[in-house]
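# Analysis of the macromolecular model
Chain residues, written in single-letter form:
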Amino acid sequence: MLTEIRTPMLQDVVDYADVGATTRARIHSLFRLMFKYAMKCDFIKKDYSEFVTRPKISVEKERRPFTEEEISRLWQISENHYAKIILILIYTGWRPTELSEMTFKDGIDTDEMIMTGGIKTEAGKNRVVPVCKKIEPFIMHMYNKGYEAVSVDEKGEMLNYDKLYRRLKTFLSDYEFDHIPYECRHTFATMLDNNDTNPKIKKLLLGHSSNDVTEKVYTHKTIEQLREAVNKI
């Protein structure tokens, strides 16, 4: 709901959207137009887009994957609820926005150990990511607790994107990880590269577009190829 959106949420999208600086500048402009129209129609009383800083087109934000040492640290503290979620993001490549919309009822299949979701592009929608063996215990822990989803707080209450992102940022800061949640996805992509993952399989896992229209057909064979790729990282 537009009425629930605040400046920090908008700023995070402008700063960390998985696109170039020029596109992020266009996103900023779109936000201004949306809130201007909403104000005109009395849908909202305050224009929170007014306080969002426009990105500098000449400077690209550096995306830094978690190092092997940092991932090892995360495993060492994986009893922490938010460490589990960070590791789930790292080993699946989901964006925090995508994870926040998945539930065990719709999106997370604990029988087949498959997660289905994606919201950004046509290529990214309804993509399938098998759950890496390493993080299966985290998924089952939350499922057996009776939680509705993975995107929950320590008590099992559902977290929307804004709340999830802020909790993860706080966790990373508290444990002195110089990263943002979006870099979990970058880490996943880097680990696939380091394991010489087939380019077509990598595109399917990350939801990147391809000229080959047959690549998006998830046959049993394709899913097993995806599963093999994620289990190698």
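Structural data are supplied above this passage.
Read on for an overview of the structure. Sequence order sets the numbering: in each chain, residues are counted from 1 along the sequence as written. A pLDDT threshold of at least 70 governs which residues receive local features in this predicted model, and a stricter bar of 80 or more applies before side-chain atom pairs are shown or counted, although totals over entire chains, interfaces and linings include all residues. Side-chain calculation: all heavy atoms of the structure are included, whereas hydrogens and water are not.

## Notes on the pairing of strand 3 (residues 127-130)
Counted only if it meets this: Burial classes follow relative accessibility: with a 1.4 Å probe on protein chains only, a residue under 20% of its type's maximum area counts as buried, one over 50% as exposed, and anything between as partly exposed. Note on conventions: DSSP H or I runs of at least 4 residues are helices, E runs of at least 2 residues are strands, and numbering of each starts at the N terminus. Between any two strands, at least two bridges found by DSSP are needed for them to pair.
The alternating pattern of strand 3 places R127 and V129 on one face and V128 and P130 on the opposite face, and all of these are buried. With 4 bridges joining them, strand 2 (residues 114-117) and strand 3 adopt antiparallel strand pairing. Each bridged residue has a counterpart across the sheet, and for G117 the counterpart in strand 3 is R127.

## Section: unusual backbone geometry
If you check the backbone angles, M113 has positive phi at about 55° while not being a glycine. Relative to the elements of secondary structure, M113 occurs in the loop between strand 1 (108-109) and strand 2. According to the relative accessible area criterion, M113 is buried, its value standing at 7%. Here the phi dihedral of D196 falls at roughly 55°; this positive angle occurs in a residue that is not glycine. Looking at where D196 falls in the secondary structure, it is placed in the loop between helix 8 (183-194) and helix 9 (199-206).

## What about the side chain of T7?
The test is simple: Within 3.5 Å is the distance limit for a polar contact, defined as a pair of N or O atoms, with the added protein rule that one can donate a hydrogen and the other accept it, and that residues adjacent in sequence qualify only through two side-chain atoms. Any pair of residues with heavy atoms lying within 4.5 Å of one another is described as a contacting pair.
Considering the arrangement of structural elements, one finds T7 in helix 1 (residues 7-16). On the accessibility criterion, T7 (16% relative accessible area) is buried. Only 2.9 Å separates the side chain of T7 from the backbone oxygen of Y48, close enough to count as a polar contact. Sequence-distant contacts of T7, that is, excluding residues within four places in its chain, are made with Y48, F51 and V52.

## Digging into the pairing of strand 2
Pairing geometry for strand 1 and strand 2, over 2 bridges, is antiparallel. In the strand pairing of strand 2, D109 is matched with I114. Here strand 1 hands over to strand 2 after 4 residues, with M113 in that stretch at a positive phi of 55°.

## Focus on the sheet that holds strand 3
Across the sheet, 3 strands lie side by side as 1-2-3; this open sheet has antiparallel pairing. What marks the edges here is a single partner per strand, and that holds for strand 1 and strand 3.

## Points about the environment of D15
Within the secondary structure, D15 sits in helix 1. Here D15 falls in the buried class, since its relative accessible area comes to 19%.

## Remarks on the packing of helix 4 (residues 81-92) against helix 8
Any two packed helices are characterised by the angle at which their axes cross and by the distance between the axes. Filter applied, for reference: Angles here are taken between N-to-C directions and fall from 0 to 180 degrees, while the axes themselves are lines fitted to C-alpha atoms, restricted in helices to the stretch in contact. Should an angle lie under 35 degrees it is considered roughly parallel, over 145 roughly antiparallel, and from 65 to 115 roughly perpendicular; all remaining angles are considered oblique. Left-handed is the label given to a crossing in which the near helix is rotated counterclockwise from the far helix by less than a right angle, and right-handed is the label when the rotation is clockwise.
One way to put it is that helix 4 packs onto helix 8 with a least axis distance of 6 Å and a crossing angle of 40°. In this view, helix 4 runs oblique relative to helix 8, as classed from their interaxial angle. Both helix 4 and helix 8 take part in a crossing whose hand is right-handed. From helix 4, I86, L89, I90, Y91 and T92 reach across to helix 8, where they touch C184, T187, F188 and M191.

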